[in-house]
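Reading the structure
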Amino acid sequence: MISNLRTSHAGRVASWPFRSEGKSTGVGNPNPLINLTMQRLMAKSFAASSPGLLSLVCLLRRSSIHGFRVAPLPRPKAKRYNCKSPKAPNEVPKAIRKLSKSRTLCEEADHSHILWWKEKMQMCRKPSAQQLVRRLVYTNLLGVDSTLRNGSMKDGTLNLEMLQFKSQFPREVLLCRVGDFYEAIGFDACILVEHAGLNPFGGLRSDSIPKAGCPVMNLRQTLDDLTRNGLSICIVEEVQVPTQARSRKGRFISGHAHPGSPYVFGLAGVDDDVDFPEPMPVVGISRSAKGYCMVSVLETMKTYSEEDGLTEEAIVTKLRTTQCHHLFLHTSLRHNSSGTSRWGEFGEGGLLWGECSGKPFEWFDGIPVNELLFKVREIYGLDEGTQFRNVTFSSEKRPKALYLGTATQIGVIQTEGIPSLLKVLLPSNCAGLPTLYIKDLLLNPPTYEIGSAIQEACRRFSCLTCSIPDFTCVSAAKLVKLLESKEANHIEFCRIKNVADDILQMHRSAELCVILHILLEPAWLTTGLKVDYDILVKECDLVSQRIGEMISLGGEGGQEISSFKCIPSEFFYDMESSWKGRINRIHAEEAFADAERAAEMLSVAVMEDFFPIVERTKSILSPLGGPKGEICYARDHEAVWFKGKRFMPSVWANTPGEEQIKQLRPAVDSKGRKVGEEWYTTSKVEDALLRYHQACYKATMKVLELLKGLSAEMQAKINILVFSSMLLVIAKALSGHVSEGLRRKWVFPKLYKVQKNEEETLAEVCNWMELIGLSPYWFDTSQGNATQNNVKMHSLFLLTGPNGGGKSSLLRSVCAAALLGICGLMVPAQSAIVPPFDSIMLHMKAYDSPADGKSSFQIEMSELRTVITGATKRSLVLVDEICRGTETAKGTCIAGSIVEKLDEIGCLGIVSTHLHGIFDLPLSIKNIMQKAMGIEVVNGDIKPTWKLIDGVCAESLAFQTAQKEGLPESVVKRAEELYLSVSTKNLQAKSNEVYQKFDVKELVEDSDSLKTNDELLKEVRSTVNVICQRKLMELHEHKTRSEFPGVLCFTVGTREQPPPSTVGNSCVYVIFRPDKKLYVGQTDDLLGRVHSHRSKEGMEDAEFLYVIVPGKSIASQLETLLINQLPLHGFRLSNKADGKHRNFGSSPVSHEVLALHR
């Protein structure tokens, strides 16, 4: 398989690098048998909160003149961060044990880290945190004053042990497990109080060191609060093994939490899931002869990419759309000039500097890629030998990344007041990973070959007749981290199996198999992995089989929770739910059987010792209050005890139950303390309870061992799993896009076929673009509420038109259509031809930037400089209201000069303007076409038509616009008088139709499915075929049965949804309910109806049968007929009453409409 997994660079094998299995990041190695109590506490901590999408927040404040810069990390020896030791779990390595007391003082290498923490402490704003800061000292990495109470740094103290852990990750908040709490001291305690809302231990007393912490139950929430503020956390756990009295507990670093990378320790043993945000890269920016270079490293995925030759605007766009964990700026940026960007010793001016100065960053030098990878290994404490896979995709033939202005003005980057393009490309059920894929695709358009492959896949999705998988979407970063850390639980393995099964389902379908082949190329672009089709199918089959063999998928016998009449069921559920139903019993038969025997023995002991007492208390009556006694589950103590009052006999007479009462003794907790006056137990019950707990513990450890072993097996398949999960994300995004595009009546554009290495031919084909029936992407054309325009462009348009006439809307629409076209997606038009542009640039309204000391005109000129220098014959350039921010005469001349330059370049595009004097300039132009947005006269008033026409429109509708927006009437009238005094021109206009605009209507669709009874499905299918065939024959009287085409029934099965081709077609459908009843309905939106039904409780697994019919009227008639006829064939219906509406679909239908869809 390895030979078939290739990266985008020829000759390089794409093997997935991992940390060595024997590596330990802490002091000692944890014992694999973690105490069951600890496991349950960890489970509770995972269930206590639900982490959301994390974001990187800038913590460093700018000073009054320049932003504070973090000092670069010194280069320590690698061993400093990777202490390996084969010693016992609770033994401190010799090198650390022999540290002298002088280690508590500040070492030279720690100076930069202490200064870093000092800056953090100066940013604390909460009064309670500020009081703690006053008790800090800056002589060690913890900030602990050893002269204060609890501040001792002597050998054997917890403080010294925490300092040793802190030295390994000096810029991470250290949380150390101490009993039922995670504690922090010094700098870290101040951070907890400031950012996690925790109170300091011991109040604010001034004689003790700063100390704070959180209960185990609240760990997840505390980590969320810290990572949300851009902090990294190192978590230290206790080794929970039997130890001698007074012996010090061993501790180890169990993991880390970073922004974009949550803490996963203990996840394998719980039922809860952890939301994985998108991983945040470490980013380095440098300057080369080609332009700016950006290196992004993902520690979670062990990958990096290098993009060179970027413009200033392009790299700012990437910084604005990427949340990075750390930002590094290369010293090559200093004393360099890039246009208006000047980097001095402190940096001043420039778009890139303005973007970076508001973020915390560090300087670095040397070879950018090598140095940044070294920084990443240093930050995350990785071995020197940890390898990172290069996923850089060659950008030679790839269109330029979208500029910030272009991305914001068409809503690829969400901007207030700008219609969002992303929201209209996908239905609401495609949020999350599919949306992120489409966003990245638009921001970084693919090559012609990849764009063509995406379009071909979309075309095939649009004409599918088979049901499609649900396309399980799993974050690749989540897969890698859980499998690498061996913390994947049974829930995650079920998801992994679903991923493999979805690939196999596509492989087994004749129609979907073709799409699977096509999507290999887009998946390669996204993952950097080249996987052969046969290898993909083979490996997915092996993964599915292996997980199916190991993981319990439901329905297997022997997984039932123990149940005995005399013991509360909640007790057995709490004890056994942590290991039953996770793996197939055959792999842990001995452990399961031992636990079940122990449960039975416990039941016998309870029945013999407690049940006679309970029966006795029930039979005794007393006028002063009868005795009480019952067998209860003491949840806090995980025990089954007898709980009773006044059950002791006043006279012992050898009556039933007395012997058992004599055996009772007060129940005690794990520390030997009496639980209460009402709780009792016996020696036999306690012995049986202990054996049962031991058996459950062994079963739990066996299950965890098997799950971790399966993680290790799947780790060898990680390339296939990452590739498969990404392919399914792409498939879900494209199928969702096609469904929404068909609903909106969008079309697939025609893409030019590009010949390799023929630049002249390429330039020729890029001089023509045609968009027929183009409508604004934010309007729903299926509702008939959009004005459509025909844009036939083979040169530059010089566009004029009134205010509110649609110039900006036209530019946005053309930009969006061109971008969607080169990405292989559907466009909002009736037909389209889109050439392979090498860049798409849209410049619209400019605003001033007081922080950089630039006016709006300066910003506009800076952006136009980028447009002109970056434009080629293959570019699409769109400029809205050029040179609006300066004096009219000179602005007109600058605009005319820019138009000449763009005409000389020979690019396609539109330049809109209100500077009508440009037409009087002696411009040297060859291919400029004059276009205008039309106007018409209605009842004496001039109004825009929003239609693109030939010619020049001199009318601006400025007075009407001012009056419409509420400018005082007297001001408007005076303006008209002034205008008449200096102008003698007459207003002329053309008439046309005015369209009203409506809000965009979102389509909500979703589908989830499981399986129903196959036998019932076949019977219903056969009956529906006969009933529908007869009815349609009656309606179509002029055709004989032999001439009439048969009715086709389609099935939407488990974890499937209807194909996009059902959008807009009338259907009659039958739902198979869990209670074996049928529900009959009809709809023009089968996708939406499937979602509606499955969203109801108990209907998540519903299966559907549907028939496509010609028209809603016929669908209504067939619905009524099926509701009335199916019960006569022995089927039960849940909506039988609906059959009383016999007038459904009774309107006459023409024979032309009755033509059946094959």
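Computed from a prediction, not measured in an experiment: that's the story for all the values here. (Residues numbered from 1 in each chain as written. Predicted model: local features only at pLDDT ≥ 70, side-chain atom pairs only at ≥ 80, totals over all residues. Heavy atoms only, no water.)

One open sheet holds the four strands; their spatial order is β29-β33-β31-β32, and the pairing between them is antiparallel. What marks the edges here is a single partner per strand, and that holds for β29 (1049-1052) and β32 (1078-1083). Within the sheet, the average angular offset between the axes of one strand and its neighbour, ignoring direction, is 25°. Against the sheet, helix α34 (residues 1112-1125) makes contact with β31 (1066-1072), β32 and β33 (1103-1109), and its axis sits at roughly 170° relative to β32, the strand it touches most. (Pairing = 2+ DSSP bridges. Helix = DSSP H or I, 4+ residues; strand = E, 2+ residues; numbered from the N terminus. Axes fitted to C-alpha atoms, helices over the stretch in contact; angles between N-to-C directions. Contact = heavy atoms within 4.5 Å.)

Attention shifts here to the confidence of the model for the chain. Looking at the chain, pLDDT values average 79 and 79% of them are 70 or higher. Predicted confidence for residues 1-105 stays below pLDDT 50, and this span has 273 contacts to residues more than four positions away or in other chains. This model gives residues 242-246 a pLDDT under 50, and the stretch forms zero contacts once residues within four places in sequence are excluded. (pLDDT = per-residue confidence, 0-100.)

All right, on to the environment of methionine 933 then. By the secondary structure assignment, methionine 933 is in strand β27 (residues 929-938). Judged by relative accessible area, which is 1%, methionine 933 ranks as buried. Spatially, the C-alpha atoms of methionine 933 and asparagine 803 are 9.8 Å apart, while their sequence positions differ by 130 residues. Discounting chain neighbours no more than four positions away, the residues touching methionine 933 are Leu799, Thr800, Gly801, Pro802, Gly805, Gly806, Lys807, Leu810, Trp946, Lys947, Leu948 and Cys953. (Buried < 20%, exposed > 50% of the residue type's maximum accessible area, 1.4 Å probe, protein only.)

So, about the sheet that holds strand β28 (residues 941-950). Backbone hydrogen bonds are what pair the strands of a sheet, in a parallel or an antiparallel way. In spatial order, the strands read β24-β25-β26-β22-β27-β28; together these six strands make up an open sheet with mixed pairing. The sheet terminates laterally at β24 (839-843) and β28, the two strands that pair on one side only. On average, each strand axis in the sheet is tilted by 20° relative to the strand beside it, whichever way the strands run. By the bridge criterion, four bridges tie strand β22 (residues 796-800) to strand β26 (residues 908-912) in an arrangement that is parallel. Considered in β26, the bridge of leucine 798 is made with valine 911. Where helix α27 (residues 807-822) meets the sheet, its contacts fall on β22, β24, β25 (875-879), β26, β27 and β28, and the angle it forms with β24 comes to roughly 160°. Docked against the sheet, helix α28 (residues 856-870) engages β24 and β25, running at close to 160° with respect to β24.

With that settled, the discussion passes to empty space enclosed by the protein. Across all of its chains, the model carries eight cavities of 30 Å³ or more by this definition. Quantified by volume, the largest cavity comes out at close to 130 Å³. Together, twelve residues line the largest cavity, and Pro776, Thr787, Asn789, Ser809 and Trp946 are the ones closest to its centre. Considering each element in turn, the lining of the largest cavity owes the most residues, three residues, to α27. Across the lining of the largest cavity, the residue classes break down as five nonpolar, six polar and one charged. (1 Å grid on protein atoms, 1.4 Å probe; cavity = no way out; pocket = protein on both sides within 12 Å on 5 of 7 lines; lining within 4 Å. Points joined across faces, edges and corners; volume = space filled by probe spheres on them. Nonpolar A, V, L, I, M, F, W, Y, C, P; charged D, E, K, R; others polar.)

The side chains of a regular strand alternate, residue by residue, between the two faces of the sheet. The element β22 is extensively covered by neighbouring structure, given that five of its five residues are classed as buried. Residues Leu796, Leu798 and Thr800 of β22 are buried on one face, and the alternating residues Phe797 and Leu799, pointing to the opposite face, are buried as well. Pairing geometry for β22 and β27, over four bridges, is parallel. Across the sheet, phenylalanine 797 pairs through a bridge with methionine 929, a residue of β27.

Turning our attention to the packing of aromatic side chains. Evaluation of the coordinates by the stated rule reveals 22 aromatic pairs. Centre to centre, the rings of tyrosine 138 and phenylalanine 187 are 5.7 Å apart; their planes meet at 25°, and the pair counts as stacked. Of this pair, tyrosine 138 sits in the loop between α4 (127-133) and α5 (158-168) while phenylalanine 187 sits in helix α6 (residues 187-195), and the two are 49 residues apart along the sequence. Through successive ring pairs, a cluster of aromatic residues spans Phe564, Phe571, Phe572, Tyr633 and Tyr692. The ring of tyrosine 292 carries arginine 287 above its face, with NZ or CZ at 4.7 Å from the centroid. (Phe/Tyr/Trp six-rings, centres within 6.5 Å; stacked < 30°, edge-to-face > 60°. Lys NZ or Arg CZ within 6 Å of the ring centre and 35° of its normal.)

Here we come to helix α3 (residues 111-122). Spanning twelve residues, α3 covers 17 Å between terminal C-alpha atoms, matching the ideal 16 Å at 1.5 Å per step. Here α3 has its buried residues at Ser112, His113, Ile114, Trp116, Trp117, Glu119, Lys120 and Met121. (Expected span 1.5 Å × (residues − 1).)

The next thing to look at is the pattern of salt bridges. In a structure, side chains of opposite charge can pair up when their charged atoms sit close to one another. Under the defined criterion, the tally for this structure stands at 38 salt bridges. Among the ionic pairs, lysine 302 bridges to glutamate 299, the shortest N-O distance being 3.5 Å. On the basis of relative accessibility, which here comes to 8%, the residue glutamate 299 falls in the buried class. A salt bridge links glutamate 678 to lysine 643; its shortest N-O distance comes to 4.0 Å. Highlighted residues: glutamate 678 in the loop between β17 (665-666) and β18 (679-681) and lysine 643 in strand β16 (residues 639-645), separated in sequence by 35 residues. (Salt bridge = Lys/Arg side-chain N within 4 Å of Asp/Glu carboxyl O.)

What follows deals with the side chain of glutamate 238. Among the structural elements, glutamate 238 can be located in strand β4 (residues 233-238). Within polar-contact distance, the side chain of glutamate 238 engages the backbone nitrogen of glycine 179 at 3.3 Å. At a separation of 3.1 Å, a polar atom in the side chain of glutamate 238 contacts the side chain of arginine 251. (Polar contact = N/O pair within 3.5 Å; in protein donor to acceptor, adjacent residues only side chain to side chain.)

The positions that UniProt labels "domain: DNA mismatch repair proteins mutS family" (unreviewed entry) are, in the present scheme, residues 875-891. Between the C-alpha atoms that bound residues 875-891 the distance is 24 Å, and the span itself is 24% helix and 29% strand. (UniProt positions renumbered as here; feature names shortened; annotations may be inferred.)

Attention now goes to the packing of helix α15 (residues 476-484) against helix α16 (residues 490-508). α16 packs onto α15 with a crossing angle of 130° between their chain directions and a minimal axis gap of 12 Å. When the axes of α15 and α16 are compared, the pair comes out oblique. Judged by the sense of rotation from one axis to the other, the crossing of α15 with α16 is left-handed. Note on element contacts: α16 touches α15 through Glu492, Phe493, Arg495 and Ile496, opposite Lys478, Leu479, Leu482 and Leu483. (Parallel < 35°, antiparallel > 145°, perpendicular 65-115°, else oblique. Left-handed = near helix turned anticlockwise from the far one by under 90°.)

Mapped onto the elements of the fold, serine 128 is located in helix α4. We classify serine 128 as partly exposed; its relative accessible area is 23%. Taking the C-alpha atoms as reference, serine 128 lies 9.8 Å from leucine 198; in sequence the two are 70 residues apart.

One can describe the packing of helix α14 (residues 448-462) onto helix α17 (residues 510-518) by two numbers: an axis separation of 9 Å at closest approach and a directional angle of 165°. As judged from the angle between their axes, α14 and α17 are roughly antiparallel. Seen along the crossing, α14 lies across α17 with a hand that is left-handed. On α17, the residues that touch Ala453, Glu456, Ala457, Arg460 and Phe461 of α14 are Val514, Ile515 and Ile518. Here the residues of the contact of α14 with α17 sort into six nonpolar, no polar and two charged.

It is worth spelling out the pairing of β24 at this point. In terms of residue burial, β24 counts as a mostly covered element, since five of its five residues are buried. Both faces of β24 are covered, namely the face carrying Ser839, Met841 and His843 and the face carrying Ile840 and Leu842. Pairing between β24 and β25: five bridges, direction parallel. Looking at β25, one finds that serine 839 is bridged to serine 875.

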